[in-house]
Amino acid sequence: MAYKRIFKALLFLTCLTAVYGFIRFQGDPLVKIRQQLNKWAYEQPVEKAYVHMDKPYYAAGDDIWFKAYVVSGSTHQLSNLSTIVNVDLIDDHDSIKQSVKLALDHGVANGDFALPDTLYPGNYRIRAYTNYMRNAGSNYFFNKAVTIINPIIPVKETKTSATNNVVGKIDVQFFPESGYLVNGIATRVAFKAVAPNGLGVAVKGTITDNNGQQVANFASSHLGMGVFEITPVAGVIYLAKSIAADGSEITTELPKVIDKGYVLSITSTNPQSLLVKISASKALFRDDPNRQVFLVAQSAGKIYHTEKSKPEMAVSTYVIPKNKFPSGIVQLTLFSSLGEPLNERLVFIQNQDQLNLKVTTDKQAYSPRERVKINIDANISDNNPAAGSFSVSVTDETKVPVDEDAENNIMASLLLTSDISGYVERPAWYFNRQNEETRTALDVLMLTQGYHRFEWKQLLKDAFPVKQYRPENSLQVSGTVLTPGGKPVANAKVKLFDLDSIQFTRDTVTDHGGRFLFKNLTFDDSVRFIVQARTSKNKRNVDIKMDKRLPAATSDNKDKPDYQINTNNNLSVYAQSSKQLYESQRKYGLGNHVIPLREVVIREKKQALKYSANLNGPGNADQVIFGKDLWNLGCINIPECLQGRLLGVIFRNGIPYSTRDFRPMQVIIDGAYVDGQFLNTLNYNDVEAIEVLRNIALTSIYGGFGGSGVMLVTTRHGGDNDNPQPIYGRGITTYYPKGYYKARVFYSPQYNKPNTNKQVADLRTTIYWNPNLLTGKDGKTSFDYFNAGSKGIYRVVIEGIDSEGKIGRQVYRYKVQ
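What you see is a predicted model; the values in this text were computed from it and never measured. (Residues numbered from 1 in each chain as written. Predicted model: local features only at pLDDT ≥ 70, side-chain atom pairs only at ≥ 80, totals over all residues. Heavy atoms only, no water.)

Participant: So what about the overall build of the chain? Which residues, and what values?
Facilitator: Looking only at helices and strands, the chain features 13 helices and 49 strands. The burial tally for the chain puts 54% of its 817 residues in the buried class. Nonlocal contacts in the chain, meaning residues at least 24 apart in sequence, comprise 71% of its contacts between residues at least 6 apart. On the chain, roughly 37400 Å² of surface is accessible, and the fraction owed to carbon and sulfur atoms is 50%. (Helix = DSSP H or I, 4+ residues; strand = E, 2+ residues; numbered from the N terminus. Buried < 20%, exposed > 50% of the residue type's maximum accessible area, 1.4 Å probe, protein only. Contact = heavy atoms within 4.5 Å. Areas by Shrake-Rupley, 256 points an atom, 1.4 Å probe, with all protein chains shown as cover.)

Participant: How would you summarise the environment of P551 if you had to cite specific residues and measurements?
Facilitator: Tracing the chain through its elements places P551 in the loop between strand 36 (543–546) and helix 8 (567–570). Separated by 465 residues in the primary sequence, P551 and N86 have C-alpha atoms spaced 8.7 Å apart.

Participant: So, the confidence of the model for the chain: which residues are in play, and what are the values?
Facilitator: In this model, the chain carries a mean pLDDT of 87, and residues with pLDDT of at least 70 account for 89%. The model gives residues 719–727 a pLDDT under 50, and that stretch makes 22 contacts with residues more than four places away or in other chains. (pLDDT = per-residue confidence, 0-100.)

Participant: For the sheet that holds strand 34 (residues 515–521), give the residues involved together with the corresponding values.
Facilitator: Sheet strands associate in pairs through backbone hydrogen bonding, adopting either a parallel or an antiparallel arrangement. Across the sheet, three strands lie side by side as 34-31-36; this open sheet has antiparallel pairing. Because the sheet does not close on itself, it has two edges, and the strands there are strand 34 and strand 36. Across the sheet, the mean angle separating the axes of adjacent strands is 25° when strand polarity is ignored. Alignment of strand 31 (residues 475–482) against strand 36, held across four bridges, turns out to be antiparallel. Paired with G479 across the bridge in strand 36 is M546. (Pairing = 2+ DSSP bridges. Axes fitted to C-alpha atoms, helices over the stretch in contact; angles between N-to-C directions.)

Participant: Summarise the packing of aromatic side chains; cite the residues concerned and give the values.
Facilitator: Under the counting rule described, the total for this entry stands at 28 aromatic pairs. Look at Y50 and F142: their rings are 5.5 Å apart centre to centre, the planes differ by 85°, and that puts the pair in the edge-to-face class. Taken together, the residues span a long stretch of sequence, with Y50 in strand 1 (residues 47–53) and F142 in strand 9 (residues 142–149) at a distance of 92 residues. On the basis of relative accessible area, Y50 is assigned to the buried category, the value being 0%. What makes F142 buried here is its relative accessible area of 3%. When the centroid spacing of 5.2 Å and the interplanar angle of 85° are considered together, the rings of F523 and F529 count as edge-to-face. The burial state of F523 is the same as that of F529; both residues are buried. Each member of the aromatic cluster is reached from another via a ring pair, and the members are W40, F335, F454 and W456. A cation over an aromatic ring shows up here: R652 above the ring of Y657, its NZ or CZ 5.5 Å from the ring centre. (Phe/Tyr/Trp six-rings, centres within 6.5 Å; stacked < 30°, edge-to-face > 60°. Lys NZ or Arg CZ within 6 Å of the ring centre and 35° of its normal.)

Participant: Report on the sheet that holds strand 21 (residues 294–299), specifying residues and quantitative values.
Facilitator: If you trace the four strands from one edge of the open sheet to the other, you get 22-21-24-25, paired in antiparallel fashion. Taken across any chain shown, the strands that pair with only one partner, and hence form the sheet edges, are strand 22 (302–308) and strand 25 (341–349). This sheet shows a mean twist of 20° between the axes of neighbouring strands, independent of strand direction. As paired strands, strand 21 and strand 24 (residues 328–335) are joined by five bridges and run antiparallel to one another. Note that in strand 24 the partner of L295 across the bridge is L334. Each of strand 21, strand 22 and strand 24 is contacted by helix 2 (residues 29–43), which is oriented at about 170° to strand 22, the strand it contacts most. In the packing of helix 6 (residues 436–448) onto the sheet, contacts are made with strand 24 and strand 25, and the angle to strand 25 comes to roughly 150°.

Participant: Can you break down the pairing of strand 32 (residues 493–498) residue by residue, with the values?
Facilitator: Alternating positions in strand 32 separate cleanly, V494, L496 and D498 being buried on one face and K493, K495 and F497 remaining unburied on the opposite face. Where strand 32 meets strand 33 (residues 501–509), six bridges bridge the pair, whose relative direction is antiparallel. For K495, the partnering residue across the bridge sits in strand 33 and is D507. The hairpin formed by strand 32 and strand 33 contains two residues between the paired strands.

Participant: So, the layout of surface pockets: which residues are in play, and what are the values?
Facilitator: Think of a ball as big as a water molecule: rolled over the atoms, this probe shows where empty space is left. Looking at the second largest pocket, its volume works out to about 730 Å³. Forming the boundary of the second largest pocket are 39 residues, of which K144, D403, A406, E407 and Q564 lie nearest the centre. Elements with a minimum of two residues in the lining of the second largest pocket: strand 1, strand 9, strand 30 (388–396), helix 9 (572–588) and strand 48 (792–802). For the lining of the second largest pocket, the leading source of residues is strand 9, giving four residues. (1 Å grid on protein atoms, 1.4 Å probe; cavity = no way out; pocket = protein on both sides within 12 Å on 5 of 7 lines; lining within 4 Å. Points joined across faces, edges and corners; volume = space filled by probe spheres on them.)

Participant: Explain helix 6 to me, using residue names and the numbers behind them.
Facilitator: Across its 13 residues, helix 6 extends 19 Å between first and last C-alpha, which sits within 8% of the 18 Å expected from 1.5 Å per residue. A side-chain oxygen of the first residue of helix 6 lies 3.1 Å from the backbone nitrogen of E437; this N-cap is N435. (Expected span 1.5 Å × (residues − 1). Polar contact = N/O pair within 3.5 Å; in protein donor to acceptor, adjacent residues only side chain to side chain.)

Participant: Describe the pairing of strand 19 (residues 262–267), and please don't skip the residues or the numbers.
Facilitator: Among the six residues that make up strand 19, five are buried, leaving the element largely enclosed by the rest of the structure. Across six bridges, strand 19 lies against strand 20 (residues 273–280) in antiparallel orientation. Note that in strand 20 the partner of T267 across the bridge is L275. Between the antiparallel neighbours strand 19 and strand 20 lie five residues.

Participant: Describe the pattern of salt bridges, naming the residues involved and giving the relevant values.
Facilitator: Applying the stated rule across the entire model yields 30 salt bridges. Where D377 meets K780, a salt bridge forms, and the shortest distance between an N and an O atom there is 3.3 Å. Within this pair, whereas D377 is found in strand 28 (residues 371–381), its partner K780 is found in strand 47 (residues 780–786), the two being separated by 403 residues in sequence. The salt bridge involving K738 is made with D525; its shortest N-O contact spans 3.6 Å. Here K738 is found in the loop between strand 45 (732–735) and helix 13 (758–761), whereas its partner D525 is found in the loop between strand 34 and strand 35 (529–534), with 213 residues between them in sequence. Exposure remark for K738: the relative accessible area of 25% places this residue in the partly exposed category. The network of salt bridges with common partners includes E397, E404, E407, R795, E799, R809 and R813. (Salt bridge = Lys/Arg side-chain N within 4 Å of Asp/Glu carboxyl O.)

Participant: Quick rundown of empty space enclosed by the protein? Include the residues and the values.
Facilitator: Summed over the entire model, instances satisfying the criterion amount to four cavities of 30 Å³ or more. Taken as a whole, the largest cavity encloses approximately 110 Å³ of empty space. Sorting the residues of the lining of the largest cavity by element identifies strand 20, helix 3 (282–287) and strand 23 (315–321) as the ones contributing at least two each. Its residues assigned to classes, the lining of the largest cavity shows 10 nonpolar, three polar and three charged. If you add up the space inside the second largest cavity, you get close to 80 Å³. Surrounding the second largest cavity, 13 residues form its lining, A60, G61, D62, S578 and Y582 being those nearest its centre. Of all the elements, helix 9 adds the most residues to the lining of the second largest cavity, at four residues. Tallied by class, the residues present in the lining of the second largest cavity amount to six nonpolar, five polar and two charged. (Nonpolar A, V, L, I, M, F, W, Y, C, P; charged D, E, K, R; others polar.)

Participant: Residue-level account of the side chain of N343, with values.
Facilitator: Tracing the backbone shows N343 in strand 25. At 3.3 Å, the side chain of N343 and the side chain of S178 are in polar contact. Not counting residues up to four positions away in its chain, the partners in contact with N343 are S178, Y180, Y262, V263, L264, L332, T333 and L334.

Participant: I'd love a proper account of the nonpolar core, names of residues and values included.
Facilitator: Membership of the largest hydrophobic core comes to 72 residues, with the highest contact counts inside it found for F66, I126, L416 and Y430. In terms of residue count, strand 3 (residues 63–72) provides more of this core than any other element does, six residues in total. Discounting chain neighbours no more than four positions away, the residues touching L416 are I329, F348, M411, V424, P427, Y430, F431, L442, L445 and M446. Within the second largest apolar cluster, 24 residues are counted, among which are V359, A378, F390 and I798. (Core = buried A, V, L, I, M, F, W, Y, C linked by side-chain atoms within 4.5 Å.)

The structure is reproduced here in structure tokens:
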């Protein structure tokens, strides 16, 4: 009996503990919040991309050298989630001009774009993303506006869609701190004035109440942003009257004042700590003075600090040391006792927790053509060396002047702009100097921008977004085998052959839906596959439908305000240097230059143009591009391959236009007159040659069809051994997928070698580029190169990430005299 009583008592205590434990779990919202945030971080890891480029702008004929960094998780460690990154060059009409697919090695990859000297000047952008990033739209894509000039093309022919001239109404928005104007609580209100071009504009003004009584005044302090304080009264409507520098006036109604609510006020300008104040309205406190709220501070999905308000206190204050958080954006959210998010505030933390890159040379001044050796020492603290991956660019700043506040910056990109919604103007300014002015301006920026990692309400409901795009860890070829009537063929035998490598073959069978997949493949961008399918009974009366892998949409570009107008005029110093380099390269047959027709027709006319339908005779054209020259350009279709490579021709939506009258050219394919859009359907592997007729002496034979020029396309025919005609038919097809781009190696001239062309090397503007700089366990590395032949200030930019996800950037200058 005693045993039974003891057993019952233990059972009762166990049940009681379980019940109270459950009640505590249900009653403490911090438990649920932490649980859900951890779940989100595990199931929805974030990847970001950054691209370091050798220069801030370019000229037609230049090479764009770059290194891509892909990071993931809350600590920005180099990602092992994806092993493929896509990098695009996109024009101001959101058309992809060049595109490469790079294999990531421990989160990094390097590549390049060769810009033809016929490329039209204007605004372009570099975009980088992984397939997995597409689950969040373009939020974590890297985008950077890049101006490309062309000193050879007259300025009158420059085209651009940039609209950063200020025309139209200025938009002024007001943002109460933590979201609301609450009756009787003094509240800071941030504002942002934006011109129609998307750039900030200076304003000043007054705040008036219903009776026209002025209650506050305000003036912007940085890029149209500023802050003022007001103690709102319930039932009163407040109007803001803003006046811009041109005298225009804008009247805006402030958000409605609520009677019951909280204000989460944070002072973050102190370098060491955050001062947090939680204020409850009188009406709210009167209803329930014992009501408690919870404060959660998280960064990148990890909670670093929590607080619980004190009962019977309308105002609670806390001091939180900044060193509790990593550098970057911290989201502070106020929750009710039921776990409902009430208020939110973003702050930016700038701690000394990132990499310190120490750059040294043996002297501060050098001579032209002299060898320079640079030493790098990477550490987090003096006693903590950092092993990491870095890239370095050296430019002649005399020829390539830099606006450092508008420059590409790894710190600004990964720590700031990648985590907030909307456009941020001149983000590098906040990092180039750390003082009270920049800290204040950065805090105002946090008050005016939104956070886009997640929404608390969805996260707490377990309503995570469905991941449509999976991380890419290898290349693959896939498709569907169908009957002639369109029904899937199950258990069909499918073989994959490489046209250029007899040894490469793969085979598989289709599933019940006729689907097949070849995965874990590695191939270059110029690969040419044959796919063969047979039924389970070895019959070939089937069709093969290959999957198309389209790039991410290009229309979502939040950085368009960075586009410039009059691009050639804005970069006159660089234009002059580029023209000198262009003339020198043309003299010696170097660089990315279009070869005139008369230099190539004699050698190649017979084999490349023997099937030409040119009424003037094969090869009698203003310009000829051979199909084999398009194979390794990293382009998607014919218009993309040709954009910028044809004199006097531009492409809009895949249709060629003459720059003489900006009207569509007549396209003729193997003698057939077709609409210009037909070019989008051609595979560049099927093209033998393209002839361009613009001169009236050549177009007149076509009558009215040749008024705006003619583009003749000659496709490959049987007997062309360079690239066999594509194979089509029942049970067989050719497939040209986009493979890995093999990056070129930057040529660093060696003046101590006799075969170096010193005349061309002297004129280069990118003096040195190295995307594969590694520091060892001691945090040290070094590199060397030769200066160019010009005197000036040389600028060294080093960026990178260590094995722990710490980010580093250093700029170093020395004289060449």
